[in-house]
Amino acid sequence: MRVVFAGTPDPAVPSLRRLIESERHEVVAVVTRPDAVAGRGRKISRSPVGQLADEHGIPVLTPHKPAEPEFVAALTELAPDCCPVVAYGALLPQQVLDIPTHGWINLHFSLLPAWRGAAPVQAAIDAGDDMTGASTFLIEAGLDTGPVYGVMTEKIGLTDTAGELLARLAEAGAVLLEKTLDGVEDGELRAIPQSNDGVSYAPKVTVEAGRIGFDEPALSIHRHIRAVTPAPGAWTEVNGLRLKLGPVEMVEETLPEREIEVRKSGVFVGTSTTAVRLGQVQPPGKKMMNALDWARGARLAPGTVIG
């Protein structure tokens, strides 16, 4: 099939790469979000998907809004059979959805109808789910409500961060997306409507949502830090200064809630249940470091609280 691929961040790259290498499908163009400022240098840069398209000489479309007449005209002229989508990052109007013969087929990183929305992987970890996966579905007007073509499953490890889990799902999901396009082209695959049971939503995770207060149960803190790692990142405050946090380890002993205790074996913090041991931390203006090295340099007074 002639396909126009839509995607923006790193998790979309494996799917685009697999379709470029496919012998059955031709990627005639890529749609991605406009070039934006990124990195410490604050330079204008192409999205990861756009960069891969450039490397292969594939035309790149970067509309600010998919409803722009110029974009609608360009997509119509391309006459795609199908438009596969992975984390594109913009809502598609009906006039655009109607252009490809087989519609827009989205690879979503959850087992729909669970965790519809922008951050399904983070939500699954934060909720303590044992299993997640990816689904391919036909995009319609609702938020991730379209009928499902196929699914794959992936176990969530006890120490998985969102970044680690998403990386595995991106690779396995790319295979699922290619097989879905194969089945649609062959006329052998039919989309099945989603169940009305088990619907849940995963809104975008903000920087403020990454704040850790240490007044919740240790298990909740453990999951939430993993869920926001690496982006937008977990953080807290100590002595009025912001401290970025890596994943923590739960321990069996208890300490006063939010109180920091520095020992030779590590830096421990009390929660509303058992304590946790801090792993890597990043103080303002410095790189990530072992929590014990930070605590020694910070010369924390006995009874210092965190969060």
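Structural notes, computed from the coordinates.

The rules behind the values
Residues numbered from 1 in each chain as written. Predicted model: local features only at pLDDT ≥ 70, side-chain atom pairs only at ≥ 80, totals over all residues. Heavy atoms only, no water. Salt bridge = Lys/Arg side-chain N within 4 Å of Asp/Glu carboxyl O. Helix = DSSP H or I, 4+ residues; strand = E, 2+ residues; numbered from the N terminus. Buried < 20%, exposed > 50% of the residue type's maximum accessible area, 1.4 Å probe, protein only. 1 Å grid on protein atoms, 1.4 Å probe; cavity = no way out; pocket = protein on both sides within 12 Å on 5 of 7 lines; lining within 4 Å. Points joined across faces, edges and corners; volume = space filled by probe spheres on them. Nonpolar A, V, L, I, M, F, W, Y, C, P; charged D, E, K, R; others polar. Domains from an automatic or database assignment. Pairing = 2+ DSSP bridges.

1. Section: the pattern of salt bridges
Piece 1. Inspection of every chain in the model, using the stated rule, returns twelve salt bridges.
Piece 2. Arg 24 is paired through a salt bridge with Asp 182; the nearest N and O atoms lie 3.8 Å apart. Of the two residues, Arg 24 sits in the loop between helix 1 (13-21) and strand 2 (26-31) while Asp 182 sits in helix 6 (residues 162-186), which places them 158 residues apart along the sequence.
Piece 3. Classification of Arg 24 by relative accessible area gives partly exposed; the value is 37%.
Piece 4. Of the residues examined, Asp 182 reaches a relative accessible area of 17% and is grouped as buried.
Piece 5. The partner of Arg 211 in a salt bridge is Glu 237, with the nearest N and O atoms 3.5 Å apart. Note that Arg 211 is positioned in the loop between helix 6 and helix 7 (218-227) and Glu 237 in strand 10 (residues 234-238), a separation of 26 residues in sequence.
Piece 6. Arg 211 gets classed as partly exposed once you look at its relative accessible area, which sits at 36%.
Piece 7. Salt bridges linked by common partners bring Arg 24, Asp 182, Glu 185 and Asp 186 together as one network.

2. Topic: the layout of surface pockets
Piece 1. Estimates place the volume of the largest pocket at around 1,300 Å³.
Piece 2. Around the largest pocket, the lining is made up of 43 residues, and of these Ala 87, Tyr 88, Gly 89, Gly 117 and Ala 118 lie nearest the centre.
Piece 3. Elements with a minimum of two residues in the lining of the largest pocket: strand 6 (83-86), strand 7 (104-108) and helix 5 (120-126).
Piece 4. Here the lining of the largest pocket is composed, by residue class, of 28 nonpolar, ten polar and five charged.
Piece 5. Each of two domains, domain 1 (2-202) and domain 2 (207-298), supplies a minimum of three residues to the lining of the largest pocket.
Piece 6. In this structure, the second largest pocket spans a volume of roughly 210 Å³.
Piece 7. If you trace the second largest pocket, you find 14 residues lining it, with Leu 241, Pro 283, Pro 284, Trp 294 and Ala 298 closest to the centre.
Piece 8. Secondary-structure elements contributing two or more residues to the lining of the second largest pocket are strand 11 (241-245) and helix 8 (291-298).
Piece 9. The biggest single contributor to the lining of the second largest pocket is helix 8, with four residues.

3. Some details on the sheet that holds strand 10
Piece 1. Strand order in this open sheet of four strands is 10-11-16-17, and the pairing throughout is antiparallel. Pairing within the sheet leaves two strands with one partner each, and these edge strands are strand 10 and strand 17 (289-290).
Piece 2. Of the pairings in the sheet, the one linking strand 16 (residues 280-282) to strand 17 comprises two bridges and is antiparallel in character. Looking at the pairing, Gln 280 lines up with Asn 290 of strand 17.

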